[in-house]
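In case you want the letters, here they are:
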Amino acid sequence: MLYVYILQSEAAPERYYAGLSDDPVRRLSEHNSGKSIHTNKHRPWILTVSIGFTDPARAVTFENYLKSGSGRAFAKKHF
């Protein structure tokens, strides 16, 4: 199962990050330890949403949507 997850920065609460992983809790730990160049500036992060997908293609499509303008607006409104 693949998970699409959304992180929120504790240091800068207006900052969000959407990602894809088979283990979102482990991935959160990696983000908080500075292993991702995309998120190490606004550490620490908290996991706000994790959605599991049995179809990997749908997971990738949803993650890409969340990274688009309308997807960010959707996430802000619903999560």
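Residues numbered from 1 in each chain as written. Predicted model: local features only at pLDDT ≥ 70, side-chain atom pairs only at ≥ 80, totals over all residues. Heavy atoms only, no water.

Chemist: A description of the overall build of the chain should follow, citing residues and the corresponding values.
Modeler: The helix and strand inventory of the chain stands at 3 helices and 3 strands. For the chain, whose C-alpha radius of gyration is 12 Å, the value lies close to the compact-globule estimate of 12 Å for 79 residues. Across its three principal axes, the chain shows a C-alpha extent of roughly 30 × 25 × 20 Å. Counting only residues that meet the buried cut, the chain has 34% of its 79 residues in that class. Across the chain, contacts joining residues at least 24 apart in sequence account for 52% of those joining residues at least 6 apart. (Helix = DSSP H or I, 4+ residues; strand = E, 2+ residues; numbered from the N terminus. Rg over C-alpha atoms; globule rule 2.2 N^0.38 Å. Buried < 20%, exposed > 50% of the residue type's maximum accessible area, 1.4 Å probe, protein only. Contact = heavy atoms within 4.5 Å.)

Chemist: So what's going on with the layout of surface pockets? Which residues, and what values?
Modeler: For the largest pocket, the calculated volume is near 370 Å³. If you trace the largest pocket, you find 14 residues lining it, with Y16, Y17, A18, L66 and R72 closest to the centre. For the lining of the largest pocket, the elements supplying multiple residues, two or more each, are strand 1 (2–9), strand 2 (16–21) and helix 3 (69–78). In terms of residues, the lining of the largest pocket owes the most to one element, helix 3, which gives 4 residues. Tallied by class, residues from the lining of the largest pocket come to 8 nonpolar, 3 polar and 3 charged. (1 Å grid on protein atoms, 1.4 Å probe; cavity = no way out; pocket = protein on both sides within 12 Å on 5 of 7 lines; lining within 4 Å. Points joined across faces, edges and corners; volume = space filled by probe spheres on them. Nonpolar A, V, L, I, M, F, W, Y, C, P; charged D, E, K, R; others polar.)

Chemist: Go over the sheet that holds strand 3 (residues 45–53), please, and point to the residues and values.
Modeler: The 3 strands lie next to each other as 2-1-3, forming an open sheet whose pairing is antiparallel. Each edge of the sheet is formed by a strand with only one pairing partner; in this case those strands are strand 2 and strand 3. Averaged over all neighbouring strand pairs, the angle between strand axes comes to 20°, with direction disregarded. Sheet strands in contact with helix 1 (residues 24–32) are strand 1, strand 2 and strand 3, and its direction is about 150° off that of strand 3. (Pairing = 2+ DSSP bridges. Axes fitted to C-alpha atoms, helices over the stretch in contact; angles between N-to-C directions.)

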